Amino acid sequence: MNWLNDFKGRVETGARLADRTHYCLGGPARWMVSPKDADALADVIRRASAQGVATKVLGAGANVLVRDDGFDGVVIRLDEDYFTATSVDGDRVRAGGGADLMALAHTCSKLGLSGLERLAGIPATVGGAIRMNAGGKHGEIADVVERVTLIGPDGVDELANSEIGFGYRSSDVGDRIVASATLQLEHADADVTLERYRSIFREKTRTQPFTFSSAGCVFKNPGGQSAGALIDQAGLKGARHGGAYISDRHANFILAGPGATSADVLHLIDRAREAVSSAFGIDLELEIDVW
Ligand SMILES: Cc1cc2nc3c(=O)[nH]c(=O)nc-3n(C[C@H](O)[C@H](O)[C@H](O)COP(=O)(O)OP(=O)(O)OC[C@H]3O[C@@H](n4cnc5c(N)ncnc54)[C@H](O)[C@@H]3O)c2cc1C
């Protein structure tokens, strides 16, 4: 562990990633670190790069499938106060990259600040949501991001919304880490905003298998078509492999039941891709990040 000597933050070796992801699957990380502040974050990125150690950042783990043999590198978590803090100034919110998006959306809705209620029911940290441009039919996080601070191997970047390269479930964040963001919301009636938050949340739990282990939608919707409908029409709704199965409520969710392994989920991913490709000639692109 000598390359991490005197590091300003928590260090864990052989950390269980299954405990930190919504899939609850996969092997350990060789190292897991929680930097105390932005300097410590920049420091660990620099040290890892100098040592040739692979790095990844893990948010709420809601969009990641970790392979069964784990990750042979350092996983960075922004779970110290410095990165989880949020503050409100008028209609602007400043949030650390590790702040809990759902808690923030709920708080802002109660305060009569509108914008984030559109993302009700999306489990995420603010940084993970920005990296993925999380969203759905009611809107996406790009709609409310004003600025972000990114820390990466080449230093610190302060970017305005138009420089982040937001696209459908994507951004140009790349290998940089969202350390913090400023969100621009709108003053609105608190009762109306909170009711909208609740109704979007209810709709989501009604239409998606929300309480089972998953990483949400596995594939991006190709060219405006529903990936779930294509998988369903290809005859795979409810298909099983080992402990994993394709949800019969929403076929773009592959769920991990008792005894499931990451290999089981990956097997069903391949099957869904092959079935949709041979039935419709469409190549499904992964939305989840496989580590
Ligand atoms: C039940 C369920 C429902 C879901 N519904 C939706 C939905 O409606 N819409 C939607 O868009 N998504 C949905 N998702 C997927 C997930 O919630 C989003 O992709 C979310 O943005 C993931 O955020 P996270 O913090 O968990 O990121 P993680 O899953 O931890 O990481 C995702 C990616 O972002 C990177 N990352 C994480 N933190 C940072 C950071 N600070 N800086 C830079 N990169 C970072 C990771 O390295 C990884 O590549 C759902 C997931 C579940 C489990």
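Here we summarise the structure given alongside this text. (Residues numbered from 1 in each chain as written. Predicted model: local features only at pLDDT ≥ 70, side-chain atom pairs only at ≥ 80, totals over all residues. Heavy atoms only, no water.)

A separate point is the environment of lysine 36. With respect to the secondary-structure elements, lysine 36 resides in the loop between β2 (28–35) and α1 (38–51). When the C-alpha atoms of lysine 36 and phenylalanine 83 are compared, they prove to be 8.3 Å apart, with 47 residues separating the residues in sequence. In contact with lysine 36, other than residues within four places in its own chain, are Lys8, Gly9, Glu80, Tyr82 and Phe83. (Helix = DSSP H or I, 4+ residues; strand = E, 2+ residues; numbered from the N terminus. Contact = heavy atoms within 4.5 Å.)

Let us now look at the nonpolar core. Inside soluble globular proteins, nonpolar side chains tend to come together where they are buried. Counting 34 residues, the largest nonpolar core has Leu116 and Ile130 as its most contacted members. For this core, the elements supplying multiple residues, two or more each, are β7 (92–96), α3 (101–110), α4 (126–132), β11 (145–152), β13 (177–184) and α5 (190–207). Contacts of isoleucine 130, omitting those with residues within four sequence positions, involve Ile141, Val145, Val148, Phe166, Ser171, Val173, Val178 and Ala181. (Core = buried A, V, L, I, M, F, W, Y, C linked by side-chain atoms within 4.5 Å. Buried < 20%, exposed > 50% of the residue type's maximum accessible area, 1.4 Å probe, protein only.)

Two side chains that carry opposite charge are able to pair once their charged atoms sit near each other. On inspection of all chains with the given rule, the structure shows 18 salt bridges. Put simply, arginine 77 and aspartate 79 hold a salt bridge, and the shortest N to O gap is 3.5 Å. Aspartate 79 gets classed as partly exposed once you look at its relative accessible area, which sits at 30%. Note that arginine 169 is salt-bridged to glutamate 140, the shortest N-O span being 3.4 Å. Placement of arginine 169 in the loop between β12 (155–160) and β13 and of glutamate 140 in strand β10 (residues 139–140) is noted, with a sequence separation of 29 residues between them. Glutamate 140 sits in the partly exposed class, given a relative accessible area of 26%. (Salt bridge = Lys/Arg side-chain N within 4 Å of Asp/Glu carboxyl O.)

A separate point is α1. With 14 residues, α1 should reach 20 Å at 1.5 Å per residue; the first-to-last C-alpha distance of 20 Å fits that figure. Restricting attention to buried positions, one finds in α1 the residues Ala38, Ala40, Leu41, Ala42, Asp43, Val44, Ile45, Arg47 and Ala48. For α1, the secondary structure elements touched by its buried residues are β2, β3 (55–58), β5 (71–77), α2 (81–84), β11 and β13. With a side-chain oxygen lying 3.2 Å from the backbone nitrogen of aspartate 39, the N-terminal cap of α1 falls on aspartate 37. One or two residues past the end of α1 sits glycine 52, with phi positive at roughly 70°. (Expected span 1.5 Å × (residues − 1). Polar contact = N/O pair within 3.5 Å; in protein donor to acceptor, adjacent residues only side chain to side chain.)

Another aspect to go through is the packing of aromatic side chains. For the coordinates displayed, the defined rule picks out four aromatic pairs. Between tryptophan 3 and tryptophan 31 the ring centres are 5.2 Å apart and the planes differ by 85°, which places this aromatic pair in the edge-to-face class. With tryptophan 3 in the segment before β1 (9–16) and tryptophan 31 in strand β2, the pair connects residues that are 28 residues apart, well separated along the chain. For the pair tryptophan 3 and tryptophan 31, one class covers both residues: buried. Pairing tyrosine 82 with phenylalanine 83 gives two aromatic rings, centres 4.9 Å apart and planes at 75°, and the pair type is edge-to-face. Judged by relative accessible area, tyrosine 82 falls into the partly exposed class, the value being 42%. For phenylalanine 83, a relative accessible area of 0% translates into the label buried. We note arginine 240 situated over the ring of tyrosine 245; from NZ or CZ to the ring centre the distance is 4.5 Å. (Phe/Tyr/Trp six-rings, centres within 6.5 Å; stacked < 30°, edge-to-face > 60°. Lys NZ or Arg CZ within 6 Å of the ring centre and 35° of its normal.)

What follows concerns the site of the ligand. Around the ligand, a shell composed of 33 residues is seen, among which Val57, Gly59, Pro123, Gly135 and Asp289 lie nearest. Contacts to the ligand include lysine 204, whose side-chain N or O atom sits 2.9 Å from a nitrogen atom. Contact with the protein chains removes 96% of the 970 Å² of surface that the ligand exposes when unbound. Secondary-structure elements contributing two or more residues to the shell around the ligand are β3, α4 and β13. (Near = heavy atom within 4 Å. Areas by Shrake-Rupley, 256 points an atom, 1.4 Å probe, with all protein chains shown as cover.)

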